[in-house]
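Breakdown of the fold
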Amino acid sequence: MNSTERMGYIADYLSHYKQKIEALNKLGLFDTAVLYELFSTEICGIWFGQKFENLNSKRVNYPYIDLISSNREIYVQVTTNQDIPDKIKNTLNKIKNSKSNALSAITELYFFVLDNESLPIVHDFSGDKKIGNIEFIAEKHLITHEKIINKAKLDIDFQIKLYQLFEKESTEFPSLASILYQQIVDSKEKMSVSIDCLIHGEYQIDRTTIIEKIKDEGGRFITILGEAGSGKSALCKMVIENEEHVLYARAECLAEENSINDIWKLDIHKTLKYLNGKKIVFFIDALEFIADVQKSKFELLQQLYFIASKYDNVCVFTTCRTCDYPSFIKISAQYDIKQFVIPELSAREIIDISEKYAIIKKLLPLKSYASLLRTPFYINL
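Residues numbered from 1 in each chain as written. Predicted model: local features only at pLDDT ≥ 70, side-chain atom pairs only at ≥ 80, totals over all residues. Heavy atoms only, no water.

1. So, the packing of helix H1 (residues 3–15) against helix H7 (residues 145–154)
Between two packed helices, what matters for the description is the angle formed by their axes and the separation of those axes. We count it as follows: For every element, the axis is a line fit to its C-alpha atoms; helices are fit only across the contacting stretch, and the angle between N-to-C directions ranges from 0 to 180 degrees. Secondary structure is summarised from DSSP: a helix means a run of H or I of at least four residues, a strand means a run of E of at least two, and numbering begins at the N terminus for each. For classification, angles of less than 35 degrees are called roughly parallel, those exceeding 145 degrees roughly antiparallel, those between 65 and 115 degrees roughly perpendicular, and all remaining angles oblique. Residue contacts are counted whenever heavy atoms from the two residues lie within 4.5 Å of one another. Asp, Glu, Lys and Arg are counted as charged, while Ala, Val, Leu, Ile, Met, Phe, Trp, Tyr, Cys and Pro are counted as nonpolar; the rest, among them Gly, fall into the polar class.
Interaxial distance between H1 and H7 falls to 10 Å at its minimum, and their mutual angle equals 175°. For the element pair H1 / H7, the angle class is roughly antiparallel. Residues Met-7, Ile-10, Ala-11 and Leu-14 of H1 touch H7, and the partners they reach there are His-145, Ile-148, Ile-149, Ala-152 and Lys-153. Tallied by class, residues from the contact of H1 with H7 come to seven nonpolar, one polar and one charged.

Written as C-alpha cells, this is what we have:
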C-alpha cells in the first residue's frame, strides 16, 4: 500500500471513529470513554515516540490527568467532552487548586480530544492568562484528529505506524466485543441446560439463608464446597443468577486447554481492561475434576485468579467437593478465597420435600435410604 492509500485509510478511520466506538458500545459491554483512552494511549506513544501509561488503570478516575509518559515528563488529559474550551480551563484550575504534590509539579499538559464544533473557540492560557504553573498553547498542547492527519502527511514513519495501529484496531475491538457477547449468551445457555436447580423440574429447595450469607460475607473470590450431589452447582447458579455478565465453564475445560484464553476464546486480560468497571463473573464448576491433573493444567486456574485480582470488578466463583479441595489450598490462601460449605439437607427440608412427593415419604422410614435422602441429587433421582 502506498502513502496516498494509507492516508485515505487514516483519514476515513478518524472521520468515522466516533460512530465505530458508539456502535460497539450498543452491545453494553465496553465503555466509550475507556476505549478512547486506550486508543489515545497508543497514538500518544507514536506521537511522542515513547510508551504511555493509563493512570486510570492503577486508580479509577485518576484526578485531572489520564496518561503519563514512560519518562514521567509528559502528561495527557483525554476527553470526549463536547465543550473542549471549558474542559481545558476547568482541568487547569483543578490542578492549580489541588493539594497534590504530584499534580502541582506539572508544568506542561497536553489534551487529546475527540473533534467537535467547540474546537475553533479554544484559546491559549499563557503569559498573564496562564493558570497556575501550566502554560497551555493550543497549537502545541491540543492533539486533534486534524493534527494527527496533518502530521501523518508530513511524517512517513508516523504515517506507517498509525496505519498499522488503525488496521489492528479496526478488527480487534469489534471481534473482541462480538466474541464476549456470544460467550456470555452461550454461558447462560450452558448453565441453564447443565445445572438443574429444581427437584422433579418443579420444586426448589429454599436456600435463602446460605445465599444471603454468601452475598453478605463473601468477597470477589468464592468457592462453594459440599459432598457429591449436595447441590453446589445449583447453589452457585442461584447466587449469580441476576448477574448480567457471566462466563461459565466446567473445570474439565482447564484440563483440555493450554491457555486460559482458549477456554472462552478471548484475550481475558484485554477484555477486562476494556470493561471499565462493569462487573463480570467467572464461574468454574466442579474443580474436583482437575484436582489431580498435571501441574501445567492446574496453573491455568491460578492464572485466572492472577488476572482477576488486578480488577476490582471481577468475581470468580467455583464449586468443589469438600474432599478434593485440599488440592487448591495454596491458591485459596494466596487469593483469600472465601469458602462456604453447603450442608446436607436438614430433617425439616427433607420432610418438606416428602410432603410434596409421596415416594419420598414412603422411603423416609427405610434406614437403607437415610444417607441418600440427605442430598438433592438422590432425592431428584
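2. Quick notes on the sheet that holds strand E3 (residues 75–79)
Note the following rule: Whether two strands pair depends on DSSP finding at least two bridges between them.
If you walk across this open sheet you meet the five strands as E1-E2-E3-E4-E5, and the pairing is mixed. Whereas interior strands pair on both sides, the edge strands pair on one side only; in this sheet they are strand E1 (52–54) and strand E5 (142–143). Taken together, the two bridges between strand E2 (residues 67–69) and E3 define a ladder with antiparallel strand orientation. Across the sheet, Leu-67 pairs through a bridge with Val-76, a residue of E3. Those strands touched by helix H4 (residues 84–97) are E3, strand E4 (109–113) and E5, and its axis lies near 150° from that of E4.

3. Concerning a nonpolar patch on the surface
How we decide: Think of a patch as exposed residues, more than 30% relative accessible area, with no salt bridge, where like charges cluster within 9 Å and nonpolar side chains (Val, Leu, Ile, Met, Phe, Trp, Tyr) cluster within 5 Å. Each accessible area value is a Shrake-Rupley result obtained with a 1.4 Å probe; residue values ignore everything except the protein chains displayed when judging cover. Salt bridge criterion: a side-chain nitrogen from Lys or Arg within 4 Å of a carboxyl oxygen from Asp or Glu. Summary of the burial criterion: residues with accessible area below 20% of their type's maximum are buried, those above 50% are exposed, and those between are partly exposed, where the area comes from a 1.4 Å probe applied to protein chains only.
A contiguous nonpolar patch, built from Leu-366, Tyr-369, Leu-372, Phe-377, Tyr-378 and Leu-381 and spanning about 600 Å² of accessible area, is present on the exposed surface. For Phe-377, a relative accessible area of 46% gives the class partly exposed.

4. Describing the pairing of E3
Taken across its five residues, E3 has five buried, putting it largely inside the fold. Alternating positions in E3 separate into two faces, Tyr-75, Gln-77 and Thr-79 on one and Val-76 and Val-78 on the other, with burial throughout. Between E2 and E3, which pair antiparallel in sequence order, lie five residues; one of them, Arg-72, sits at a positive phi of approximately 65°. Two elements, E3 and E4, share five bridges in a ladder whose sense is parallel. Among the inter-strand pairings, Tyr-75 is bridged to a residue of E4, identified as Leu-109.

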